[in-house]
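# Breakdown of the fold
This is what each chain is made of:
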Amino acid sequence: MMLGTSIAHNVTLSSKHQPSFDSLESAAKHIDSSLQSDRLYSELDVLLRNARHAGGTLTGMTDGDYPSLASHGLASVPLIGPVRHVPLPAELSEQFTHVQCNCIMGLLPTIQRGWVTIDSDIFFWNYETGGDLAYYEGLAEVVLTVGLVAPKPGVFQPHIKFLLVVCTASEIVVLGVTFESEGDDQYALMHLQPNPLFAISSDGVNVVQVRGTPEGRIFLAGANGHLYELQYQSYLSWFGKRCKLVNQSSSYFSFLVPSALRFGENDPIVQVEYDSTRQTLYTRSDNGNICMYDLGADGQGIGSVCSISQDSVLSEAIRVANNPHGIDSSNFKPIVSICPIKKTESANLALLGVTSSGVRLYFSVSAATLGGRYSSLSLSHIRMPPGFSPNGPPQRPLNVHMADMARGTVQMCMSQNDSIDVVWSVSPDTFGIASQLCEATITTAIEGRVWALEEAPEPFSFEARVAGSRTYPPTIVCQHVQPARRTVLLTSQGTFILTNLRPVDQLLHLLEASGGADTEPIASFFKLHREKEACATALILACNPVTTDPLVSSCAARAFFRYGGEASLRGGCLATSTSGHNELSQSLGGAVVPNEAVYSGKHAGICLYFARLLAPLWDGKLVEESTTPDKQLVSRFTCDDLAWFTEQLTGLKGFLDEYAPFSHSDLTDSPCRTSRTTSKVQAEAFERNSVLQLRLLVQYSVEALELWRELCEYQFHLIAERLPTEIKEDLCRATFRDLVVGGKQITVALINALMERYFGDTNLTDALCARLREICPNLYGAADLKTTKANELLQSAKHQTNKTEQNSMLQKSLELYKQVTVNIDLSGICNQYASVCFYEGIVELCLATAENQDNQNLALHLTHTGEDQGEQLLVARRHCYLPVTNTLNNLLAMSQGASGVQNSAGVKISSAAEAERQLTEMLHYCYSSTDEVFHVFLYEWLIGNGLISRLLEVKSSFLEPFLRRTARQPDNLQILDIMWKYYEKERNYSAAARILAKLADRDTDKFTLWDRVDYISRAILCAKACSTTLNNDGEFLHELEDKMDVAQLQLSIYSALEQLTENNPGVAVALKSLNSLVDISTLYSEYAEKFELAECQLAIVHCAGHHDPMLVQKLWRELLNQELTSGAHLPMVSMMNNLRSKIETLGRTYQSSEKFFPLQFLVQQLEVIACKGGWGEGWVVETLLSIPVSYPALHSTYSSLIQLKLPCWNQLGQPYHLHIAMSLLLSSYVQHLNSVPLAERKPLLASIQDIIDAYVVDLQASTNVGADVTSALSRFKALQAGFNKY
């Protein structure tokens, strides 16, 4: 997503350099790479292991361990700045003349104070200024030592900032320390509480040193060789004491034992050191023995870990050194100082011991179990001091009596004589990031004997500004934020403050000394640190003209360009244009392949400097949950932090703005250049393009920082509460990189939330708008200003009761939103429009936003053609339409629900009918749109929700093309079903009929046979409706009718198969397959014949017009047999009725054609059945007459059968059965003579009379007169008698 409009270059950027996501992302990748490489520095133990020495356990013996700066052309580069001497206060100097017994001195660096005890009096002063002299004289005995410690939380009043522990020979006194602040100096004026907080007996222990922990614990080094802890609390313990002295180097109950009964070596503890990162405590005795204590993970426990004697250290050192160079073992003792190595400096090395010869002994700790606490301390490495390398200077440290180490730099105080001490400074800072430990050395003479050596505290905690590091990075990595470290030394002549120069300080010295950039020392500096590091260092000076002499800044910039190297191409490769480099490609005839471009040190230096400035922000989370119960989102960075980042990055932006030629120059190619020159020009052009992208990134980063600081000023947690849930989730995951490169949605939401908090206060919102336009014009541009105005109108409209005024405000807000559709929260705005039922605004705003996403209407082309090209535009447009369908979904749900439900915006709808009305209203606005892509989206929504009737109400030219396109897609049954309804509604009956016919024939398992028959039936109706207007529809109608005939046969087969009771698995398969239409031949062979469905076979033969008398008789015979078989279990009357019903049904269907209703065959078969079943002589006649079959046809049939004199009747024992049936037929006939015209009646009667006479004669001539003959004669004679009345 684009993050805004252009940034200024002089006045504005040209259109071809407009910022884009690709440009910012490309620049951000350079920062990612620089940050990653910057975090790959080696820790101290790795540097020592990588040193070029056999075994890797002894270093300092080669010239590479202590390189000479002179060999690099930097003999004039200082390692230590000018020593600052602050004399003791004059009043204090006078007190030295009053010393009677004891005088000791020390430093309290936490509060920038020095202290001196003169017998029982204690004096304090500010060692930075020599002022604020204070004293305490409330003690009666000589003071042995003094210590400043932090108080335990919750024990004392808040104004007690520190505790001063004063130890004499007989008691230990704890005093409260308070301060008065002046400006930024919170420790400007020091005050001691006159009354001790605690005062307890020392129990005869002479305390040598006091050491406190941040948790408020107080440890005391005893001259008797024991470690004590002064324990105190705010309430009385069960021993009845608030304060007690506990011996922690022996049993926990040793305080109960009188001192006369305690035993211990006569080896005073002279030094106690605390490591807050590991929660460990170390002691060093006068004989050089070292003890380690573990305070536990929470710092509240204590346990002895191990003790190492001086002799064991010496033996191990001799073994490690293996003495290949004839090193005198006396160099390894005695240990005169120990220094904890914090976890932030090394994960494995924990303690440094310094001998009187300046040898450094590195000890490592180990745990008994993985992840457990520490169990041992062992010598890991020996670092010999300067003077042991073959070609090094002969000077070596001797008589070292005090040492300190901080972040790799070691300071060692050497006694040269009674009036002068020499400080050896050994530091790796000068050599930057290296693969082995390389150190520079310098000596500084200090007037007087050094009593105390401490590192001055940082003016602020810079850890938050170098985040992402596992340990403290090398000085060159954090020199932009970490001030030059200072070491404070205290002698009887005052304090001496040594400043350890960083590489940037050394470059500053060289620039000031040379007066320009074109000097050999400057060139040597760039060679020593390599171009990338040196350029990043030069930028610190060039980008901070406020804190640096402008002339020096200018010289640093010239050095940056002069010695920063040049870009090149690896192999001079060219390739086709790549994303983000089109303009460069056009000017060069092809774009340089990014992987083949070798950037100059200038480019790398800019990336590195930027990465180091924003290291804590860049890939770190911006927010975190508060510890309060409500879990509010709060900023991880304070306003002061953000101000610092902004100031630093603004300096880099100013540098890039001022030196515009570095990022803008003619990129055209000169035809007269050589091929090598051409390659160089191409590389420079590519680098300029990349620097321009970096400059955009810097600009956007500055604006993002300014915006974030403004949000913090207005209480960030309250603003975050107003964010939508999905934005909150994104914000919780977002880094600063995400915010700058692709976080437009988050920034817009934050700005909107800020504005919403103050809507109603026009003056304040106007001021906020002006402020945002000033500090982040790209993140909050003219479009954002319009958005704010529109938001304010919308909020006002929501509270307006006058409908006319409300509608006017809504229309005005809509017009503003439509002008800035790129920068709005479309979903949120539409929800608010829905809350006031402004559905017209929802539709118009979504359509306008979609149009701006695709102003060339490429998505429409994709909709028509189905091509893949432009699919992203189609997806983007559809995303813009979502608020419309979301609102429609809501209204639809409410229209189908109970009254009193709420819409998504929380507004109640009075009833489902009202929701239905609003749904219709909104659909009306949708239908009136001229956006075809939207219509497609809307039609899909209507179909998806089953609103087919509403779809068919649409009067739009877009509907039919949509249906046609969609119908071409697979699985389009629903669309085809809609299409025929659409065409029927539009009176295009021919098209409707053809679609219905296509549906009927569709190969799918989603239709049943009844569905297909229904489609054919509807198709016939539509075809009949249009047959008078279209010539070819008559033939189509005939085809449909034929298809319907076959389909009806298929239905009958389906129904017949359903009636089969036998367990035949083939029936289920057949039924499933019959859901698709089949031809008539298949119906007969695969279904009717296969499953012996005689009735269906007869129907198929009849439908096909197939004349086969034998087949027809066979089918009738099977049909009658099946009917008799199926009713065999029924009573005779039921069987007779069922067969009669079947004969009647089939007779009415087929009697018109003798081919398919063979009457003589049927009469014979039925009479035989009736005769066998004893159903009576008249059952067949009655059945056939009920069809009805005509009297003449039946008379003719029976006459023929009588004349045939078939033997079956004799076999059945009723040779005159047909005669009796004939008599019944004629009797029925006579009863209906009244319906025959009178003119035809007499000839007919005469004919019947003749027939009856013939039957009577025939019966009378019978030789076997039985009951049947008698019955027949009586019937015929009765008929003769009946004819006489006619």
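Here, the structure is the one placed above.
Note that this is a predicted model, so its numbers are computed, not measured. (Residues numbered from 1 in each chain as written. Predicted model: local features only at pLDDT ≥ 70, side-chain atom pairs only at ≥ 80, totals over all residues. Heavy atoms only, no water.)

Secondary structure summary: the chain contains 44 helices and 36 strands in total. Counting only residues that meet the buried cut, the chain has 52% of its 1286 residues in that class. The contacts of the chain with a sequence gap of at least 6 include a subset with a gap of at least 24, amounting to 61%. Within the structure as shown, the chain displays about 57,200 Å² of accessible surface, and the carbon and sulfur contribution to it stands at 50%. (Helix = DSSP H or I, 4+ residues; strand = E, 2+ residues; numbered from the N terminus. Buried < 20%, exposed > 50% of the residue type's maximum accessible area, 1.4 Å probe, protein only. Contact = heavy atoms within 4.5 Å. Areas by Shrake-Rupley, 256 points an atom, 1.4 Å probe, with all protein chains shown as cover.)

It is worth spelling out the pattern of salt bridges at this point. Per the counting criterion, the structure on display carries 45 salt bridges. Put simply, arginine 1018 and aspartate 1014 hold a salt bridge, and the shortest N to O gap is 3.0 Å. Separated by 4 residues within a single helix, arginine 1018 and aspartate 1014 lie in helix α31 (residues 1009-1026), roughly one turn from each other. In the salt-bridge network here, residues are joined through shared partners; they are Asp65, Arg360, Arg383 and Glu439. (Salt bridge = Lys/Arg side-chain N within 4 Å of Asp/Glu carboxyl O.)

Looking now at the packing of helix α18 (residues 762-775) against helix α19 (residues 782-798). Between α18 and α19, the least distance of the axes is 10 Å, while the angle of their chain directions is 165°. Overall, the two elements α18 and α19 adopt an arrangement that is roughly antiparallel. For the pair α18 and α19, the sense of crossing is right-handed. Between α18, through Thr762, Thr765, Asp766, Cys769 and Arg773, and α19, the contact on the second element is made entirely by Ala782, Leu785, Thr788, Lys789 and Glu792. The residue makeup of the contact of α18 with α19, split by class, is 3 nonpolar, 3 polar and 4 charged. (Axes fitted to C-alpha atoms, helices over the stretch in contact; angles between N-to-C directions. Parallel < 35°, antiparallel > 145°, perpendicular 65-115°, else oblique. Left-handed = near helix turned anticlockwise from the far one by under 90°. Nonpolar A, V, L, I, M, F, W, Y, C, P; charged D, E, K, R; others polar.)

As a further point, take the packing of helix α29 (residues 973-985) against helix α30 (residues 989-1001). Interhelical geometry of α29 versus α30 gives an angle of 155° and a closest axis separation of 7 Å. With respect to α30, the axis of α29 lies roughly antiparallel. Here α29 and α30 pass one another in a crossing that is left-handed. Judged by residue contacts, Leu973, Leu976, Asp977, Met979, Trp980, Tyr983 and Glu984 of α29 engage Tyr989, Ala991, Ala992, Ile995, Leu996, Lys998 and Leu999 from α30. Of the residues belonging to the contact of α29 with α30, the class tally is 11 nonpolar, no polar and 3 charged.

A few words now on helix α26 (residues 932-944). The end-to-end C-alpha distance of α26 is 18 Å, a good match for the 18 Å that 13 residues give at a rise of 1.5 Å each. Counting buried positions along α26 yields 11 of 13 residues, so the element is predominantly enclosed. N-capping of α26 is provided by aspartate 931, with a side-chain oxygen placed 3.0 Å from the backbone N of valine 933. Trailing α26 by a residue or two, glycine 946 shows a phi angle of about 70°, which is positive. (Expected span 1.5 Å × (residues − 1). Polar contact = N/O pair within 3.5 Å; in protein donor to acceptor, adjacent residues only side chain to side chain.)

Before going further, it helps to examine the pairing of strand β10 (residues 185-192). Bridging between strand β9 (residues 171-182) and β10 involves 5 bridges; their strand directions are antiparallel. Residue pairing across strands places glutamate 182 opposite aspartate 185, the latter belonging to β10. (Pairing = 2+ DSSP bridges.)

Turning next to the packing of aromatic side chains. Taken as a whole, this structure holds 31 aromatic pairs when the rule is applied. Its guanidinium or amino end placed over the ring of tyrosine 232, lysine 152 lies 4.8 Å from that ring's centre, counting from NZ or CZ. In this arrangement the basic side chain of arginine 396 is found over the ring face of phenylalanine 388, its NZ or CZ atom lying 3.7 Å from the centre. (Phe/Tyr/Trp six-rings, centres within 6.5 Å; stacked < 30°, edge-to-face > 60°. Lys NZ or Arg CZ within 6 Å of the ring centre and 35° of its normal.)

Our focus in this paragraph is the nonpolar core. Ranked by size, the top nonpolar core spans 171 residues in total, and within it Tyr833, Ile1053, Trp1116, Leu1184 and Tyr1198 carry the most contacts. The greatest single-element share of this core, amounting to 11 residues, is contributed by helix α32 (residues 1033-1058). Leave out the neighbours within four places in its chain, and tyrosine 1198 touches Val1163, Glu1167, Val1180, Val1181, Leu1218, Ala1221, Met1222 and Leu1225. Membership of the second largest hydrophobic core comes to 102 residues, among which are Ala517, Ile540, Leu613 and Ile719. (Core = buried A, V, L, I, M, F, W, Y, C linked by side-chain atoms within 4.5 Å.)

Let's shift gears to unusual backbone geometry. Residue lysine 333 is joined to proline 334 through a cis peptide bond whose omega torsion reads -10°. Note on placement: proline 334 falls in the loop between α4 (310-321) and β20 (335-340). Residue proline 1188 follows isoleucine 1187 across a cis peptide bond; omega there is 10°. The topology assignment puts proline 1188 in the loop between α39 (1179-1185) and α40 (1191-1204). Phi at aspartate 203 is positive, roughly 60°, even though this residue is not glycine. Structurally, aspartate 203 is set in the loop between β11 (198-201) and β12 (207-212). For aspartate 203, a relative accessible area of 31% corresponds to the partly exposed category. Unlike most non-glycine residues, arginine 407 shows phi in positive territory, near 50°. Checked against the element boundaries, arginine 407 lands in the loop between β24 (400-406) and β25 (409-415).

Glancing now at the sheet that holds strand β3 (residues 103-108). The strands that make up a sheet are held in pairs by hydrogen bonds between backbone atoms, and each pair lies either parallel or antiparallel. Here 4 strands make up an open sheet; going across it, the order is β3-β4-β5-β6 and the pairing antiparallel. In this open sheet, the two edge strands, each paired with only one partner strand, are β3 and β6 (134-136). Pairs of neighbouring strands in the sheet enclose a mean axial angle of 20°, with direction left out of account. With 6 bridges connecting them, β3 and strand β4 (residues 113-118) associate as antiparallel partners. Bridge pairing in β4 places glycine 106 opposite tryptophan 115.

With that out of the way, let us pick up the pairing of β24. Of all 7 residues in β24, 7 are buried; the element is thus mostly enclosed. The pairing of β24 with β25 spans 6 bridges and is classified as antiparallel. Its bridge partner being in β25, aspartate 404 is matched across the sheet by glutamine 411. Hairpin connection between β24 and β25: a loop of 2 residues separates the two successive antiparallel strands, and arginine 407 in this loop has a positive phi of roughly 50°.

A contiguous patch of negative charge on the surface is contributed by Glu1035, Glu1039, Glu1041, Asp1042 and Asp1045. You can see aspartate 1042 is positioned in helix α32. We classify aspartate 1042 as partly exposed; its relative accessible area is 37%. (Patch = residues over 30% accessible without salt bridge, like charges linked within 9 Å, V, L, I, M, F, W, Y side chains within 5 Å. Lys, Arg positive; Asp, Glu negative; His and termini not counted. Charge placed at Lys NZ, Arg CZ, Asp CG, Glu CD.)

If you walk across this open sheet you meet the 4 strands as β12-β13-β14-β15, and the pairing is antiparallel. With partners counted over all chains shown, the strands left at the sheet margins are β12 and β15 (243-247), one partner each. Taken over all neighbouring pairs, the strand axes of this sheet differ in orientation by 25° on average, direction set aside. With 4 bridges joining them, strand β13 (residues 218-222) and strand β14 (residues 227-232) adopt antiparallel strand pairing. Among the inter-strand pairings, phenylalanine 219 is bridged to a residue of β14, identified as glutamate 229.

Nothing here speaks to function; it is all geometry.
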